[in-house]
Structure formats: structure tokens, C-alpha cells
Amino acid sequence: MTTDDTVNDDPKRNPVHFDRHTPEYRHEFQAVTQELQSKCPIAWSETYGGHWVASGNREVFELARSAEFLSNDHDVKGERRGYQGITIPPPPRAKAVRGGFLEMDPPEQRYYRQTLNPYLSPAAISRWIPLIDEVARACIDEKIESGRIDFVDDLANVVPAVLTLAMMGIPVRKWTIYNEAAHASVYTPPNSPDQARVVELQKAMGMDLAMTIAEIRQTPRPGLVDALVRAEINGQTPPDDELLGVLALLIGGGFDTTTALTAHALEWLSQHPAERDRLSRDRKALLDSATEEFLRFYAPAPGDGRTFSADCEIAGTRFKEGERLWLSWAMANRDPQVFPEPDAIDMERKGNRHSSFGLGIHRCIGSNVARTVFKRMVTQVLDRMPDFRCDPEGAEHYETIGVIQGMRHLPATFTPGPRTGAGLDETLETLQGVVDEQRLAEPVTVRKGQARIDR
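All values derive from a computational prediction rather than experimental measurement. (Residues numbered from 1 in each chain as written. Predicted model: local features only at pLDDT ≥ 70, side-chain atom pairs only at ≥ 80, totals over all residues. Heavy atoms only, no water.)

Engineer: So what's going on with the overall build of the protein? Residues and values would help.
Structural biologist: When helices and strands are tallied, the protein shows 16 helices and 12 strands. The C-alpha atoms of the protein give 22 Å as radius of gyration, which agrees with the globular expectation for 455 residues (23 Å, within 12%). In terms of overall dimensions, the protein has C-alpha extents of about 65 × 55 × 45 Å along its principal axes. The burial tally for the protein puts 56% of its 455 residues in the buried class. Contacts in the protein between residues far apart in sequence, at least 24 positions, make up 72% of those at least 6 positions apart. Only carbon and sulfur atoms are counted for the fraction: they give 50% of the accessible area of the protein, which is about 20000 Å². Here the protein contributes 53 positive and 67 negative side-chain charges, whose respective centroids are spaced 4 Å apart. (Helix = DSSP H or I, 4+ residues; strand = E, 2+ residues; numbered from the N terminus. Rg over C-alpha atoms; globule rule 2.2 N^0.38 Å. Buried < 20%, exposed > 50% of the residue type's maximum accessible area, 1.4 Å probe, protein only. Contact = heavy atoms within 4.5 Å. Areas by Shrake-Rupley, 256 points an atom, 1.4 Å probe, with all protein chains shown as cover. Lys, Arg positive; Asp, Glu negative; His and termini not counted. Charge placed at Lys NZ, Arg CZ, Asp CG, Glu CD.)

Engineer: Break down the pattern of salt bridges for me, citing the residues and quoting the values.
Structural biologist: Within this structure, the stated rule accounts for 36 salt bridges. Between Arg81 and Glu321 there is a salt bridge, and its shortest N-O distance comes to 3.3 Å. Note that Arg81 is positioned in the loop between β3 (70-71) and α3 (108-120) and Glu321 in the loop between β7 (317-319) and β8 (324-328), a separation of 240 residues in sequence. We classify Glu321 as partly exposed; its relative accessible area is 35%. The residue Arg334 makes a salt bridge to Asp343 at a minimum N-O spacing of 2.8 Å. (Salt bridge = Lys/Arg side-chain N within 4 Å of Asp/Glu carboxyl O.)

Engineer: Report on the pairing of β8, specifying residues and quantitative values.
Structural biologist: Judged by how many residues are buried, β8 sits mostly within the fold: 5 of 5 residues are covered. The alternating pattern of β8 places Arg324, Trp326 and Ser328 and Leu325 and Leu327 on opposite faces, both of which are buried. Bridge analysis of strand β2 (residues 51-54) against β8 gives 3 bridges, and the strand direction is parallel. Among the inter-strand pairings, Val53 is bridged to a residue of β8, identified as Trp326. (Pairing = 2+ DSSP bridges.)

Engineer: Tell me what's going on with the environment of Arg306, and back it up with residues and numbers.
Structural biologist: Residue placement: Arg306 occurs in strand β5 (residues 303-308). On a C-alpha basis, the gap between Arg306 and Lys320 in space is 13 Å, while along the polypeptide they are 14 residues apart. Those residues in contact with Arg306 that sit more than four places away from it in its chain are Leu70, Ser71, Asn72, Gly85, Ile86, Glu323, Arg324, Leu325, Leu327, Trp329 and His362.

Engineer: Explain the packing of aromatic side chains to me, and be specific about the residues and the numbers.
Structural biologist: Within a pair of aromatic rings, the relevant descriptors are the distance that separates the centres and the angle that separates the planes. This structure, assessed with the given rule, holds 11 aromatic pairs. With centroids separated by 5.5 Å and ring planes inclined at 55°, the aromatic side chains of Tyr187 and Tyr398 adopt a geometry described as tilted. One end of the pair, Tyr187, is in helix α8 (residues 175-187); the other, Tyr398, is in the loop between β10 (396-397) and β11 (407-409), and 211 residues separate them in sequence. Since its relative accessible area comes to 11%, Tyr187 is described here as buried. Among the residues examined, Tyr398 registers a relative accessible area of 2% and is labelled buried. Taken together, the ring pairs in this structure connect Trp44, Trp52, Phe308 and Phe319 into an aromatic cluster. The residue whose ring lies beneath Arg334 is Phe297, and the NZ or CZ to ring-centre distance is 3.8 Å. (Phe/Tyr/Trp six-rings, centres within 6.5 Å; stacked < 30°, edge-to-face > 60°. Lys NZ or Arg CZ within 6 Å of the ring centre and 35° of its normal.)

Engineer: Outline unusual backbone geometry, listing residues and values.
Structural biologist: With an omega of 0°, the peptide bond running from Ile88 to Pro89 counts as cis. Checked against the element boundaries, Pro89 lands in the loop between β3 and α3. Cis rather than trans, the peptide bond between Pro106 and Pro107 has omega equal to 5°. Mapped onto the fold, Pro107 is located in the loop between β3 and α3.

Given below as C-alpha cells:
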């Protein structure tokens, strides 16, 4: 496959140094992006054993849509071609676990997506809006009288976690078991002295997931776990180790990415109070386009790896089977050939065809969840804390943004206000009853109506 009349000179003759896992990369992202896009939108880096880096919007688009030449497969047992999945560098083989259907190729990957689509479509997610609103309300009520909140710990971590577990069919009171394990596994460096604690957190989460699978096999209850344990993949139900990888993918995608997007957006709105007030005042006209712009600018998951499954020519560059490729969604979102003034946020940006949810057959299946949860949380903050100010000294970003562009803390102050309902623990107990009695976690093909919540 080729898209140009000529093929570029071999970029391997002039490799670039590209290491997105260093702390410096977070601060140098804009400069690195501009240099790569202007000089070599498809570059070769010798880091991590050597891999390609695609930064140009057109190049990323063409490569991501070339599924016949790219593989996501993570062959952890060495049963196929030995490909290493979507992570560069890959985890040590002794610790390698297949990352769900994001590290599978069709038809296997397609079967999983078909199984989950009835739970994750726009119509399916809209049924959960009353529950999302109630959790966000309870989180804010916990802090509203004090005039202080940590937007990460007290809101943006909680709402996505509770919703994800409710959709999966896992008791929502367990959100604390899953929350820290999901976030810490991303923001904790491998050489951190805290790594042992993080491993224990992940073990606890894995054990609870394994017990949940066994429980639901024995006594079915609605949710994504039930759908997966009864799915037919390649003519058989999937084994437990594969299910654990799929469920871990859903948790990681449901928790950390939405938290990251929300925290960065609130931080920016605090830094630009006039724009915050404009968004609040004109939200009917602005909220949708502002959401897409925050997604473009802050791309929570900056990119994904691929492996070339055949020799090919794409976007004017020759590739060899087995070579690794990093597709940078975040850098593609800053290409000036597609986005005028790409390094500025324009809440009214038109034609915002960002790639923050990925492109092609592996586009994020949870995009509807992320958009909905983000909008509902931001709306309540604007309504109940309209003058919030984030503390720049207390804001703590992830040390590196190689996996997720996230935040650990975002403290803020605001004019105190009155509570409007029960606190978080009592609310979660009530909501669990609603989820169970109304069977909210059934697929949209079975249950179409919104949740009914009485307070």
C-alpha cells in the first residue's frame, strides 16, 4: 500500500531520540511535537530496541486505518508470531498479561466488541445519566460546606469508578478496592519504593475480579461481566485468564482516562476564569464543542503501539514485518495542517476531528461513557462551585505521560454552599438497590429506559 508517488529516504539513516516515558517529555511535548511534524512526521527512534514514531495527523490516520498491515496482538505465550502488543517497551515476559481485546486482532477482537456494544452505545449510556448525576451530587455534597475539594480524589476518581463497576455488575461499594489499584499502576514508576504496595493493590483487585467471575458464572446477574463469561469467542467461552485481561482493560479505560480529562479541563478553566464563566453561561452552545476540544488538547491516552504484520509502504515510508510502531494520538491532535493554532484551546473549535479515542478498528469502545461522565461532572461543578480556583502549588500531575496524561491531585477552593442530599456512602447504598431492582446493567436491547432515582 502506498499513498505517495515517491517513498521518503530511509529515516533509519537519521534516527531521532524519542522517549515518551521520561519526566522531561511531559514538559517538552509541544517542542518535540513541532520538531517531529516539521522534519519527520514518521521517524525512526532507536530507543526500546528501535521503533517507528508517527506524529503527523495524516500519517497517523493512514497508518491507523491500515489494519491489514498492522497487528495489536500480544503473543504472551509465544504461540503465534511473537508480537508484543500495544506497549513500547513491552512488559517483561514474566509479567506479561494480554491487555484484553485491545491486544487482539480480528476476528477475536471483533467478537468481544460485538458482545460489549449493547452495553456501551450512546443509547445504552444515556440510561445511566441519573445515576451519574446522583454520584456526582453526593461527591460534591461531601465537600460543599467546607469550600475545599480535591477534584481528583473527591470527584473525578469517584464517579467514573462507581459507574464502571455498576455497569460491570460489581457492587459499587467496592470502588475503593479498584480505584487506587487502577490509578497507581499507571502513575507509579517501576523503580518507585511504593511499587510493592501497588503490586499488593493489584493482587487484591485481581482476586476480587476472579471471585466475581466465579460468582456470576454460578449465579448470573446483569452486567458486562455476565456478558463476557457467556460470550462465544471463536466458538467457545473465553478462559478466565483472558477474561481477567478484558475486565482489567475495561477498568483501566473506565477509570483513569475520564479522571485525567476532567482534572485537566477543570485546571484550565480555573486558569481562565472568563472562559469558565462563558462555558457555564453558554453551555448549551459550548459544552459539546468544549468537550471535544479538551479531548483534543489533553488526549488522556497519548498513543498506542502496533507491530507491522507484513512488509509494506504507507504514507511514503517503507516498513518491514515485525517492526514496531508508536501511533501518537496526542501529537496528531497538534498538527497545524489540520488544527489552526493547535497549541491553544478554542472551546468553539469547528470540525474537531481529533484522534483521542484512537482510529480504525481499535477505536475506544468506551468513548460514549467518557464524554457523558465528563459533561455531567463538569456541569455540576459549574452549577455548585462557579467561582472555584485550583491551587497551582497543590496540583500534582503524573510524573510521566507515556501511558496516561493524568493528575494525582487537584485541590481547589470555592465559596461554600449548602448540601442537597445524602453523603457518598449512603448514596451508594441507595444506588446499589436501584441498580439491582431496576436491572440497569442489562444491555440496551433488553432495558431501554433511564434509571429512576427518588430522593
